[in-house]
Amino acid sequence: MKNYIWIILVLGFSCSNELEQPGQEWKEEGEQFSGAQATVFDQSVHAFGHAAPNLTGDKDLIFVSGNAFFKRNWVSSPASTVDLDGLGPVFNARSCSSCHELDGRGAPPLTPEEEPVDLLFRLSRPGVVEWESIPDVMYGGQFNHLSVLGVPPEGKVKVVYHYSQGEYADGAPFELRIPTYQFYDLNYGPFAADMQISPRIAPHMVGLGLLEAIDAATLESFADPDDSDGDGISGRPNYVYNIEKKKQTIGRFGWKANQPTVRQQVAGAFKGDIGISTSIFPDQPCAEGQIDCQNAMDGGDPELSDAILDRVDLYSATLAVPGRRNWENQEVLVGKGLFNQIGCVQCHKPKVTTGKHEKIPEFNNLEIRPYTDLLLHDMGEGLADHRPDGLANGSEWRTPPLWGIGMIETVNQHTFFLHDGRARNLEEAILWHGGEGEQSKKNFMNLNQMERNNLIKFLESL
Ligand code: HEC
Ligand code: HEC
Ligand SMILES: [Ca+2]
Ligand SMILES: [Ca+2]
Ligand SMILES: [Ca+2]
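The text that follows walks through the structure, step by step, so that each part is easy to find.

Calculation notes
Residues numbered from 1 in each chain as written. Chains lettered and ligands numbered in written order. Predicted model: local features only at pLDDT ≥ 70, side-chain atom pairs only at ≥ 80, totals over all residues. Heavy atoms only, no water. Donors = N, O, S within 2.8 Å, 3.2 Å for Na, K, Ca; no water. Helix = DSSP H or I, 4+ residues; strand = E, 2+ residues; numbered from the N terminus. Buried < 20%, exposed > 50% of the residue type's maximum accessible area, 1.4 Å probe, protein only. Near = heavy atom within 4 Å. Polar contact = N/O pair within 3.5 Å; in protein donor to acceptor, adjacent residues only side chain to side chain. Nonpolar A, V, L, I, M, F, W, Y, C, P; charged D, E, K, R; others polar. Pairing = 2+ DSSP bridges. Axes fitted to C-alpha atoms, helices over the stretch in contact; angles between N-to-C directions. Expected span 1.5 Å × (residues − 1). Contact = heavy atoms within 4.5 Å. Core = buried A, V, L, I, M, F, W, Y, C linked by side-chain atoms within 4.5 Å.

Here we look at the coordination of the iron atom of ligand 1
And then number 1: For the iron atom of ligand 1, the protein supplies a single donor, His100 (NE2), at a distance of 2.0 Å.
And then number 2: Structurally, the position occupied by His100 is in the loop between strand 2 (90-91) and strand 3 (119-129).

Some points on the coordination of the calcium ion (ligand 5)
And then number 1: At the metal site, the calcium ion (ligand 5) is ligated by Asp224 (OD), Asp227 (OD), Asp229 (OD), Asp231 (OD) and Ile233 (O), and these contacts range over 2.2 to 2.3 Å.
And then number 2: Motif for the calcium ion (ligand 5), donor spacing along one chain: D-x2-D-x1-D-x1-D-x1-I. As far as the burial class goes, Asp224 and Ile233 line up, both buried.

Looking at the site of ligand 2
And then number 1: The environment of ligand 2 is formed by 28 residues, the closest being Cys344, Cys347, His348, His419 and His433.
And then number 2: Residue His348 places a side-chain N or O atom 2.8 Å away from a nitrogen atom belonging to ligand 2.
And then number 3: Taking His419, its side chain carries an N or O atom lying 2.7 Å from an oxygen atom of ligand 2.
And then number 4: Looking at the shell around ligand 2 element by element, the count peaks at three residues for helix 10 (residues 426-431).
And then number 5: Classifying every residue of the shell around ligand 2 by side-chain character gives 17 nonpolar, eight polar and three charged.

Brief notes about the sheet that holds strand 8 (residues 196-201)
And then number 1: Strand order in the open sheet made by the three strands is 4-3-8, with antiparallel pairing throughout. Unpaired on one side and paired on the other, strand 4 (132-134) and strand 8 mark the two borders of the sheet. Strand after strand, the sheet turns through a mean of 60 degrees between neighbouring axes, direction not considered.
And then number 2: Taken together, the six bridges between strand 3 and strand 8 define a ladder with antiparallel strand orientation.

Observations concerning helix 12 (residues 449-460)
Working note: α-helix, 3.6 residues per turn, so residues spaced by three or four point in the same direction.
And then number 1: A rise of 1.5 Å per residue sets the reference length of helix 12, with its 12 residues, at 16 Å; its end C-alpha atoms lie 16 Å apart and thus fit the reference within 8%.
And then number 2: Of the surrounding secondary structure, the elements contacted by the buried residues of helix 12 are helix 8 (330-341), helix 10 and helix 11 (438-445).
And then number 3: For helix 12, the N-terminal cap is Asn448; the gap from its side-chain oxygen to the backbone nitrogen of Met450 is 3.1 Å.

Thoughts on the nonpolar core
And then number 1: The biggest cluster of nonpolar side chains holds 101 residues, and the ones touching the most others in it are Phe270, Phe339, Phe444 and Leu459.
And then number 2: With residues near it in sequence (within four places) discarded, Phe444 still touches Tyr168, Ile342, Glu427, Ile430, Leu431, Arg452, Leu455 and Ile456.

Focus: the environment of Ala169
And then number 1: Mapped onto the elements of the fold, Ala169 is located in the loop between strand 6 (156-167) and strand 7 (173-184).
And then number 2: Separated by 237 residues in sequence, Ala169 and Gly406 place their C-alpha atoms 26 Å apart.
And then number 3: In this view, Ala169 contacts Met445 and Asn446; residues no more than four positions away in its chain are not counted.

Looking at the site of ligand 1
And then number 1: Surveying the vicinity of ligand 1 reveals 29 residues, the closest of which are Cys96, Cys99, His100, Gly254 and Trp255.
And then number 2: The contact in question runs from an oxygen atom of ligand 1 to an N or O atom on the side chain of Arg200, over 2.9 Å.
And then number 3: Contacts to ligand 1 include Gly254, whose backbone N or O atom sits 2.8 Å from an oxygen atom.
And then number 4: Those elements giving two or more residues to the shell around ligand 1 turn out to be strand 3, strand 8, helix 5 (262-274) and helix 7 (306-317).
And then number 5: The greatest single-element share of the shell around ligand 1, amounting to six residues, is contributed by helix 5.

Have a look at this one:
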């Protein structure tokens, strides 16, 4: 009898405690370590710039060297510093860090007069050859607005926004801005009428090696291409050509999961964004019809050695994930509950266990909290770029990882989100969800002001 009363007392106490502190049931021990042992707690502008603390051997030295190449400005050939030349002939930026500033998120231009830098444009013509998009004859696979002396740059582009108004269920108004792009001063002729254009903003760079360590089978297990469970969500993996493996493998990086590995993504950036050739992409970034570009002097064959590519690869793969802030805060926990209840977790998977990383065993078998399934989802007409990429169609996008998203404002001094930076804050990012994300967006629109604020506070704590 005595024991019995005791139990009731304990139960009674814990219940009333929960009533006083809603959200407690969502708290998980250790959830502040978003990247497991590869997490760093730093709330300063350098939050994204740390090496994973669990690296062993000489990896932190390689990281430091890779960082130097990431920040370095490349120069045109010929140059007295042979190691640093090879820029262009056409390009978008002189260094990786000019787009991924402080390893963070790029921003679209703030005024129509400003030339986009961190926002680049992938180009192609309709059709696919061997899983690859077909580059334009005059402009290639990417719009390059800069060039070396003697080679005409491709042209200029201006971002113009239109605005549309909407209302939450409780009557609170909101406004979304819709970007349009005007290409002008084109030096290689007018764009073909059927040119496919995909605007993409530079994402923040954290935790990429952890994402690379997730087994393909794990990602495939998240997929439900025919929506056989009938929940309206039908994610599927992208499969893209892996140049080093000489076969199609699962895509993980880029806004459409269009690159299979960090290494291939990095080599793609060297070529496409800076004009530096590598063993993976040995060609110069000149389109078929750009004769001056093809005849311009290069900086070696390839311009970047494998040894340096290795370092930038390791650097890009081992940037630590920022630890959570305010994760025990009551409003944050209530917001976390809502994030689960209204279906955000169906794509933004909170918890994933890594498998085996081929080069970084420190990332094996970790329980990480990336808030992504790395799958493609149809996000509706509003976000569509109408440009296929690998198996991704013109309205599919990869679920972006949400870890670190709350630190972008501190690191990069802005809160522009989504693949083209059109969302001016986290709320607008949610309001743009359509297609498979339509239902969870509707659920968000039906929340009251306090609930919406709590959900945003949760996102800001990531
Ligand atoms: C002109 C701006 C720009 C420059 C310069 C640039 N990047 Fe990027 N970076 C981007 C964009 C845009 C994406 C997304 C690409 C996509 O969706 O196809 C990206 C994606 C990435 C990713 C994948 C991130 C993810 O979450 O999927 C890595 C890694 C990366 N860049 C590394 C580099 C490295 C290394 C360099 C220098 C060699 C570099 N970038 C230079 C704009 C840039
Ligand atoms: C159907 C899958 C799906 C669901 C459900 C979903 N998202 Fe997303 N989310 C995406 C995709 C895909 C993108 C990228 C879209 C783009 O950039 O055009 C995205 C982008 C975002 C972004 C911007 C990320 C960035 O890096 O710019 C935020 C924030 C976000 N989602 C939060 C949420 C919240 C909160 C919910 C629940 C209300 C939710 N999402 C539900 C798939 C989903
Ligand atoms: Ca070059
Ligand atoms: Ca080009
Ligand atoms: Ca489903």
